Amino acid sequence: MSTLCWNVQGMGSPRTFKYLSDIVHKFKPELVFLMETRTSIVKLEALSKKLHMEGCFGVGCEGKSEGLGLLWTVKEDISVLSYSKHYIDCIVQKKNQLIWRFTGFYGNPNHLKRVHSWTLLSRLSSLFNGPWLCSGDFNEVLDHSEKLGGAKKPDFLIQNFRNALEVCDLFDAGGVDSGFTWWGNRGAEVVKERLDRFTINLGWKGLFPDCSVEHLEMWGSNHRPILMHNTKLRGKANQRRRRNVRFFFEETWTTKQEFRERVNDSWSSYSGNQNFSTMVRKLKRCANDFHSWGKEAIEDLQKQIKEKKSELISLLNSPNLEFQ
């Protein structure tokens, strides 16, 4: 089982939804917690269906930086206990009667009001004594090392966050890459912080001793998605083989110089009466020919996209990045 948390900063962008869809397809998380959806509950439910999730609970947005969503698969029995514009609290019950608690949390973005978030977190902790996974965008760091650029973070804000986790018996679950999860610009200076994290208590760690956290690439939002694996990460050798898929014509093939020549060669491979049977054979021949040639063209395009994304990510991670 795995849990995905991501501050999407609005679901209106096709790029954001495409990346979310790719993550869900690749990792198949049973729980997906989204923050700053900036969309209605009706649209969130439609999004859930597109992602082939079986359950959905949303908190509608009232401002530009609000809106929460919790999606889950049919494998889990989810009971939502309470919610507000800053959290969704639920109980997860497996078929084997394993029960634990999940809280998707969104810390107040206003540092002057953030103390109210910690009061809320403390109140939530008093309502359940079992295994607890609490994650999201806390809008705060636990240490000065989790912030790069900009003005120094006031010590009392960091200490308030530490105290809140201690009162709740929660601790940071770490990560394969515990680097920065958010970046933005303050004037001409780039600021990076680790605002998004998974926190757990000893009860949850006891249930899933091999749990691990993975920070995914930043794309479609200036927050990185974070993923909690309840079990050890599988190596590539253990991953499922992809099934053969139907043939789809790609419009980008028409931009290749050799496209027209290949169509003519495939189409002229059959002669004789121009009946329906011949037409079917010609179409099948075109599909077979394009399957290999088109795969090379698409892989070349995908390689270029991957290289450009890597260049962009390297640029975003560069300590010398500046905005003019």
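Our structure is the block above this text.
Residues numbered from 1 in each chain as written. Predicted model: local features only at pLDDT ≥ 70, side-chain atom pairs only at ≥ 80, totals over all residues. Heavy atoms only, no water.

Chemist: So what exactly am I meant to see when it comes to the pairing of strand β11 (residues 182–186) here?
Modeler: Two faces make up the sheet, and in a regular strand the side chains alternate between them. Taken together, the five bridges between β11 and strand β12 (residues 189–193) define a ladder with antiparallel strand orientation. Within β12, the residue paired with W182 across the bridge is E193. As consecutive antiparallel partners, β11 and β12 are separated by two residues, and within that stretch G187 has a phi angle of approximately 75 degrees, a positive value. (Pairing = 2+ DSSP bridges. Helix = DSSP H or I, 4+ residues; strand = E, 2+ residues; numbered from the N terminus.)

Chemist: Sorry, what's going on with the sheet that holds strand β7 (residues 99–106) here?
Modeler: Paired through backbone hydrogen bonds, the strands of a sheet run either parallel or antiparallel to each other. A sheet is described by the order of its strands in space; here six strands give the open sequence β5-β6-β7-β8-β13-β10, paired in mixed fashion. Since the sheet does not close on itself, it has two edges, and those belong to β5 (77–84) and β10 (171–172), each with one partner. Where strand β6 (residues 87–93) lies against β7, seven bridges are found, and the strand directions are antiparallel. By the bridge assignment for β7, C90 is matched with F102. In the packing of helix α3 (residues 114–125) onto the sheet, the strands contacted are β5, β6, β7 and β8 (132–137), and the crossing angle to β7 comes to about 170 degrees. (Contact = heavy atoms within 4.5 Å. Axes fitted to C-alpha atoms, helices over the stretch in contact; angles between N-to-C directions.)

Chemist: I keep staring at the sheet that holds strand β15 (residues 226–229) and nothing clicks. Help me out?
Modeler: The sheet built from six strands is open, its strands ordered β3-β4-β2-β1-β15-β14 with mixed pairing. Two strands in the sheet have a free side with no partner beyond their single neighbour: β3 (55–59) and β14 (212–215). When the angles between neighbouring strand axes are averaged without regard to direction, this sheet yields 15 degrees. Sheet topology note: the strand β1 (residues 2–7)/strand β2 (residues 31–35) ladder contains five bridges and is parallel. By the bridge assignment, C5 is partnered in β2 with F33. On top of the sheet, helix α1 (residues 14–27) reaches β1, β2, β14 and β15; it is set at about 170 degrees to β1, its chief contact. The sheet strands contacting helix α2 (residues 41–50) are β2, β3 and β4 (68–72), and the helix crosses β3 at an angle near 155 degrees.

Chemist: Please explain the environment of S117 as it appears in this structure.
Modeler: Inspection of the secondary structure puts S117 in helix α3. For S117, a relative accessible area of 4% gives the class buried. Distance from S117 to F138, taken between C-alpha atoms, is 8.6 Å for residues 21 residues apart in sequence. With near-sequence residues (within four places) excluded, S117 lies in contact with F105, G107 and N108. (Buried < 20%, exposed > 50% of the residue type's maximum accessible area, 1.4 Å probe, protein only.)

Chemist: Looking at this structure, how should I read the pairing of β7?
Modeler: The buried fraction of β7 is high, at seven of eight residues. Across six bridges, β7 lies against β8 in parallel orientation. Within the sheet, the bridge partner assigned to T103 lies in β8 and is C134. Between the parallel pair β7 and β8, the chain is carried across by α3, and the sense of this crossover is right-handed. (Right-handed = clockwise from strand over helix to strand, strands pointing away.)

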